[in-house]
Amino acid sequence: MAEQGIPQVVELNVGGVFYTTTAATLTREPESLLGRLFSGAQPPPPKDPKGKYFLDRDGVLFRYVLDYLRSGALVLPDSFRERERLREEAQHLGLSGLLEAIGAQERARPSGFITVGYRGSFAFGRDGLADVKFRKLSRLLVCGRVALCRAVFGEALNESRDPDHGMTDRYTARFFLKHSSLEQAFDSLQEQGFRLAGSCGSGTAGGSADLKAGVDPEENRWNHYNEFVFVRD
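Nothing here was measured: the structure is a model prediction, and the numbers come from that model. All residue numbers refer to positions counted from 1 along the written sequence of the respective chain. Two thresholds apply to this predicted model, a pLDDT of at least 70 for residue-level local features and 80 or more for giving and counting side-chain atom pairs, whereas whole-chain, interface and lining totals are computed over all residues. Working from all heavy atoms in the structure, the side-chain values ignore hydrogens and water.

Caption draft 1: Geometry of the sheet that holds strand β8 (residues 195-201). Only when DSSP finds a minimum of two bridges between them are two strands counted as paired. Secondary structure is summarised from DSSP: a helix means a run of H or I of at least four residues, a strand means a run of E of at least two, and numbering begins at the N terminus for each. On the basis of which strands lie adjacent, the open sheet formed by 6 strands has the order β6-β7-β5-β4-β9-β8 and antiparallel pairing. Two strands bound the open sheet, and with one partner strand each, they are β6 (157-158) and β8. By the bridge criterion, 2 bridges tie β6 to strand β7 (residues 171-177) in an arrangement that is antiparallel. Its bridge partner lying in β7, Leu157 is registered against Leu177. Two residues form a contact once any of their heavy atoms are found within 4.5 Å. Axis lines are fitted to C-alpha atoms, over the contacting stretch for helices. Their N-to-C directions set the angle, which ranges from 0 to 180 degrees. Docked against the sheet, helix α6 (residues 146-153) engages β4 (112-123), β5 (134-145), β6, β7 and β9 (224-232), running at close to 135° with respect to β5. Packed on one face of the sheet, helix α7 (residues 182-191) meets β4, β5, β7 and β9 and runs near 30° to β5.

See below:
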């Protein structure tokens, strides 16, 4: 039985998100902050107006903390993008086992390369006003090993142009992203442990070749293609 008035079934309010668990789960790692708070080793946390123990931490990320304490295993969804924040939560709560599990997952992640390319231009306002120009990307292309691309980009990856659906142990240059935010793509790669290894660009089109109907000649002058190669060792 839990000590010093801590019930066996504990209701928590973690940053506004409610959880119900047991004192035995919360004290799985006795030397952690949670272990001390809910074993009687130090005073328990305050209660909110509804009588739930209140922890001023990230309520959404606590889901994964609690899952780990319940099972002893760290299971994260595909393309989980808040590993560093989860590490920070584990450090604050003093959960050495969770920190070790996060590190083990990172060491087990496969190495490889992913190339992100885009064809773009600069859109101009009426009469070619330079002060309203902005970068205009038509599509972000993704090339690499299928399993690796899926793990990094998850649901943001559009596979509709790839003819060999289902096979993961292969490479493809037919993926593209469902969004056109280059920085968002870079963030996804960085969060999964990739670093930029190299890049290249075609330069702008220039010239005055005949254009298709409806093509803005000013935008066409600035057409270019860039590629960025990312690696995870």
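Caption draft 2: Highlighting the sheet that holds strand β2 (residues 17-22). Strand order in the open sheet made by the 3 strands is β2-β1-β3, with mixed pairing throughout. Two strands close off the open sheet at either side, each with one partner strand: β2 and β3 (53-55). Mean inter-strand twist for the sheet, computed between neighbouring axes without regard to direction, equals 30°. In this sheet, β2 lies alongside strand β1 (residues 9-14) in antiparallel orientation, the contact comprising 6 bridges. Along β2, the bridge assignment pairs Val9 with Thr22.

Caption draft 3: Seen up close, the state of the cysteines. Cysteine sulfur atoms that come within 2.5 Å of each other are treated as a disulfide pair. One pass over the full model with this rule turns up 0 disulfides. No disulfide involves Cys143; its sulfur sits 7.8 Å from the nearest other cysteine sulfur, which is in Cys149. Each residue gets one of three labels from its accessible area relative to the maximum for its type: buried under 20%, exposed over 50%, partly exposed in between, using a 1.4 Å probe on protein chains only. Cys149 sits in the buried class, given a relative accessible area of 0%.

Caption draft 4: Region of interest: the nonpolar core. To qualify as a nonpolar core, a set must consist of buried Ala, Val, Leu, Ile, Met, Phe, Trp, Tyr and Cys residues joined through side-chain atoms within 4.5 Å. The biggest cluster of nonpolar side chains holds 30 residues, and the ones touching the most others in it are Leu12, Leu34, Phe38, Phe62 and Val65. Elements supplying a minimum of two residues to this core: β1, α1 (23-26), α2 (33-37), β3, α3 (62-71), α4 (83-93) and α5 (96-108). Broken down by element, this core gets its largest block of residues, 6 residues, from α3. In this structure, Val142, Phe175, Leu189 and Phe230 belong to the second largest nonpolar core, which totals 20 residues.

Caption draft 5: Representation of the side chain of Asn226 within the structure. Mapped onto the fold, Asn226 is located in strand β9. In protein, a polar contact requires one atom able to donate a hydrogen and another able to accept it; more generally it is a pair of N or O atoms within 3.5 Å, and residues adjacent in sequence count only if both atoms are side-chain atoms. In terms of polar contacts, Asn226 uses its side chain to reach the side chain of Tyr118, at 2.8 Å. Discounting residues that sit within four places of it in the chain, Asn226 has contacts with Val116, Gly117, Tyr118, Cys200, Gly201 and Ser202.

Caption draft 6: Highlighting the pattern of salt bridges. Here a salt bridge means any side-chain nitrogen of Lys or Arg lying within 4 Å of a carboxyl oxygen belonging to Asp or Glu. Tallied over the full model, the rule gives 10 salt bridges. Ionic pairing is found between Glu11 and Lys52, a salt bridge with its closest N-O pair at 3.5 Å. With Glu11 in strand β1 and Lys52 in the loop between α2 and β3, the pair connects residues that are 41 residues apart, well separated along the chain. In this structure Glu11 comes out as partly exposed when scored by relative accessible area, which is 37%. You can call Lys52 buried: its relative accessible area is 14%. The partner of Arg70 in a salt bridge is Asp67, and the shortest N-O contact between them spans 3.9 Å. With Arg70 and Asp67 both in helix α3 and 3 residues apart, the pair spans about one turn of that helix. Residues participating in the shared-partner salt-bridge network are Asp58, Glu82 and Arg85.

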